[in-house]
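Residue-level structure breakdown
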Amino acid sequence: MWRVADRLLRRAGARCWQRQLSRPGPGSLRCSPVRTPGAAAARCLSSMAPAVRFLPAARSLFDEPVAITVQGLSPRQQVTLRTSLQDETGELFEACARYQAEDNGELDLARCPALPGGSFSGLEPMGLLWALQPQKPFRRLVKRDVQTPLRLLLEVFEGHGSPPGQLLAQAQHERVFLRDGVQRVPVREGRIRATLFLPPGNGPFPGIIDIYGTGGGLPEYRACLLANYGFAVLALAYYSYEDLPKDMKEFHLEYFEEAINYMLQHRQVKGPGIGLLGISKGGDLCVSMASFLKGIAATALINGSVANVGAVLRYKDVTIPPLGINASRIKVNKSGVANIINVLNNPLEGPDRQSFIPLEKAECPFLFIVGQDDHNWRSEFFAVEGSKRLQAHGKEKPEIICYPGAGHYIEPPFFPMCAASIHMLVGKLVVWGGEPKAHCEAQVDAWRQIQAFFHKHLAGTLSGTSSKL
């Protein structure tokens, strides 16, 4: 994994393939908007030029696959396809792949494998999305305003040269986060700082609280995507947002208890219990909530910890100290990126046992989503030790789903893998782990598994999804 991360970072720093693919000059169609919302998103350079087709035509949910074809090419014509999008800060993410059209002049990414020399190779219908990488290194694609789409630009160039030949066609496709009819409701009640997403209709809907990690703020994109599938989801901030604590020093479970009660009292949230979904630090907060608070019917963790990490945790007369760390265990590679996987102490030894969250007190089932190439911490170890503790106390064995080649940031489907970025708690560039293709496959499957878990335990129905890995 170290070698993969190094290769990705060198590629991002050098921007080798970005330089190879010369950008259209001023006045070209490069930045022209899609003017007709229902159009098939194909605008070519001449009436005889090839045409790009998306299905669905104009827009799709970000976590849904999209079919891409190029029609009107010459038989067996060689072309280079490039995708790009900009986030709200102006950061550019790009991917490219080399293809050869079929005998009929059509290029269907579901049938035609990408040839060596691009961002990926082989039969990868969604490769031009999951392989997106930042033009500047150490950037992670995050959607802040979920009410606006991300606009994907696809360009078709003649040949496989360096630089490639003529720009033959281009098209835009909108990747949206809210299905029509989903409500976004800012919540500022008592101490709660959150956003509630409600599916269309009157409900009541199974409810979930969604909590992110040490980046702080109020990420909404996972919560709103989950609401598209019939859940009432509360994206909950807990620090570094508005009047909440500015840093991670001490957290009080009473704040999270207030959020649980808000959901249980909401007329559009189905009781008698709600679900919890947390990633990274949000994962161990969810374990603590399930262990001490009432009203929790199911808890899903994405690369979470069963020890309290990073800050003191308090609830009434209970105090759980953070798991100890040893900074001398940090390793730094040639790119200046830190590997922090061994920084945390063992929560089974010495005084650090006090940081182990008493999850045996929980009255709900657990789902552990584990990236086996997680380099933030040892997620699989935490899942296994949590399972041992639950079973030792006569509790139900949790479901543990492990994904080889997946790193720390297992996001909703088709978010590109982030190889390394700033860790807000550590204050350094750190490597997160993961092999891009395996990580993408894990995200697709984990998304299904999470929905099936919550449907089963919150709504009483099983969606019938199963692991394909």
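Everything numeric in this text was worked out from a predicted model, so none of it was measured.

1. Here we look at the overall build of the protein
- The number of helices and strands found in the protein is eight helices and 25 strands.
- Residues classed as buried in the protein amount to 57% of the 469 residues present.
- Taking as baseline every contact in the protein between residues at least 6 positions apart, the subset at least 24 positions apart corresponds to 68%.
- Summing over all exposed atoms, the protein offers an accessible surface of approximately 19,000 Å²; the carbon and sulfur share of this is 51%.

2. Quick word on the layout of surface pockets
- If you add up the space inside the largest pocket, you get close to 640 Å³.
- When residues in the lining of the largest pocket are grouped by element, the largest group, three residues, is from strand S24 (residues 420-423).
- Class assignment of the residues belonging to the lining of the largest pocket gives a composition of 10 nonpolar, eight polar and seven charged.
- In this structure, the second largest pocket occupies an estimated 370 Å³ of space.

3. Things to note about the nonpolar core
- With 137 residues, the main nonpolar core has Leu81, Tyr99, Ile209, Leu234, Leu236, Phe256 and Phe454 as its most contacted residues.
- Tallying contributions element by element places helix H8 (residues 436-459) first for this core, with nine residues.
- Beyond its immediate chain neighbours, meaning those up to four positions away, Phe454 contacts Ile208, Phe231, Gly275, Leu276, Leu277, Ala298, Ala300 and Ala459.

4. Thoughts on the environment of Tyr255
- Take Tyr255: it is sitting in helix H5 (residues 253-265).
- Residue classification places Tyr255 among the buried positions, given a relative accessible area of 8%.
- Taking the C-alpha atoms as reference points, Tyr255 and Gly190, 65 residues apart in sequence, are found 9.4 Å from one another.
- If we skip the residues at most four places from it in the chain, Tyr255 touches Arg191, Ile192, Arg193, Leu236, Ala237, Tyr238 and Leu244.

5. Observations concerning the sheet that holds strand S4 (residues 67-71)
- Strand order across the open sheet formed by three strands is S2-S4-S7, with antiparallel pairing between neighbours. Two strands lie at the open edges of the sheet, namely strand S2 (51-55) and strand S7 (107-108), each paired on one side alone.
- With five bridges joining them, S2 and S4 adopt antiparallel strand pairing. Within S4, the residue paired with Val52 across the bridge is Val70.

6. Thoughts on the pattern of salt bridges
- Under the definition given, this model contains 24 salt bridges.
- For the salt bridge of Lys281 with Asp284, the shortest nitrogen-to-oxygen distance reads 2.9 Å. Here Asp284 and Lys281 lie together in helix H6 (residues 281-292), a separation of three residues that amounts to about one turn. The two residues Lys281 and Asp284 agree in class, both being buried.
- Taken together, the salt bridges that share partners define one network made up of Glu102, Glu106, Asp108 and Arg111.

7. A look at the pairing of strand S17 (residues 296-302)
- Within S17, six of the seven residues are buried, which leaves the element mostly enclosed by the surrounding structure.
- Crossover connection from strand S16 (residues 269-279) via H6 to parallel S17: handedness right-handed.
- Across four bridges, the pairing between S17 and strand S22 (residues 366-371) is parallel. Bridging across to S22, Thr299 finds its partner in Phe366.

8. A look at the packing of H5 against H6
- For the pair H5 and H6, the least separation of the axes is 11 Å and the interaxial angle reads 75°. Considered as vectors, H5 and H6 are oriented roughly perpendicular to each other. Contact residues: H5 offers Leu253, Phe256 and Ile260, while H6 offers Leu285, Ser288, Met289 and Phe292.
- A per-class count over the contact of H5 with H6 returns six nonpolar, one polar and no charged.

9. Regarding the sheet that holds strand S23 (residues 399-403)
- Judged by pairing direction, the sheet is mixed, and its eight strands sit side by side in the order S11-S12-S14-S13-S16-S17-S22-S23 without closing on themselves. Because the sheet does not close on itself, it has two edges, and the strands there are strand S11 (183-187) and S23. Taken pair by pair, the neighbouring strands of this sheet meet at an average axis angle of 15°, ignoring direction.
- Pairing analysis gives six bridges linking strand S13 (residues 205-211) to S16, with the strands arranged parallel. When the bridges of S16 are listed, Asp210 appears paired with Leu277.
- Each of S22 and S23 touches helix H7 (residues 379-392); the most contacted strand, S22, lies at about 155° to it.
- H8 contacts S13, S16, S17, S22 and S23 of the sheet and is inclined by roughly 170° relative to S17.

10. A few points about the side chain of Gln451
- Inspection of the secondary structure assignment puts Gln451 in helix H8.
- A residue is classified by how much of its surface remains accessible, and Gln451, at 12% relative accessible area, is buried.

11. Considering the confidence of the model for the protein
- Per-residue confidence for the protein averages 89 on the pLDDT scale, and 88% of its residues sit at or above 70.
- pLDDT under 50 marks residues 1-5. Its contacts with residues more than four places away, or in other chains, come to 16 contacts.
- Under a pLDDT of 50 for its full length, residues 8-47 has, in the predicted model, 89 contacts with residues more than four places off or in other chains.

12. A look at unusual backbone geometry
- With an omega of 0°, the peptide bond running from Leu55 to Pro56 counts as cis.
- In this structure, Pro204 follows Gly203 across a cis peptide bond, with omega equal to 5°.
- With respect to the helices, strands and loops of the structure, Pro204 is situated in the loop between strand S12 (194-198) and S13.
- The backbone phi angle of Ser280 is positive, close to 60°, even though this residue is not glycine.
- Residue class for Ser280 comes out buried when judged on its relative accessible area of 9%.
- Notably, Phe414 is not glycine yet its phi reads approximately 75°, a positive angle.
- Summarising the element assignment, Phe414 is placed in the loop between S23 and S24.
- Look at Phe414 and you get buried, because its relative accessible area is 8%.

Rules used throughout
Residues numbered from 1 in each chain as written. Predicted model: local features only at pLDDT ≥ 70, side-chain atom pairs only at ≥ 80, totals over all residues. Heavy atoms only, no water. Helix = DSSP H or I, 4+ residues; strand = E, 2+ residues; numbered from the N terminus. Buried < 20%, exposed > 50% of the residue type's maximum accessible area, 1.4 Å probe, protein only. Contact = heavy atoms within 4.5 Å. Areas by Shrake-Rupley, 256 points an atom, 1.4 Å probe, with all protein chains shown as cover. 1 Å grid on protein atoms, 1.4 Å probe; cavity = no way out; pocket = protein on both sides within 12 Å on 5 of 7 lines; lining within 4 Å. Points joined across faces, edges and corners; volume = space filled by probe spheres on them. Nonpolar A, V, L, I, M, F, W, Y, C, P; charged D, E, K, R; others polar. Core = buried A, V, L, I, M, F, W, Y, C linked by side-chain atoms within 4.5 Å. Pairing = 2+ DSSP bridges. Salt bridge = Lys/Arg side-chain N within 4 Å of Asp/Glu carboxyl O. Right-handed = clockwise from strand over helix to strand, strands pointing away. Axes fitted to C-alpha atoms, helices over the stretch in contact; angles between N-to-C directions. Parallel < 35°, antiparallel > 145°, perpendicular 65-115°, else oblique. pLDDT = per-residue confidence, 0-100.

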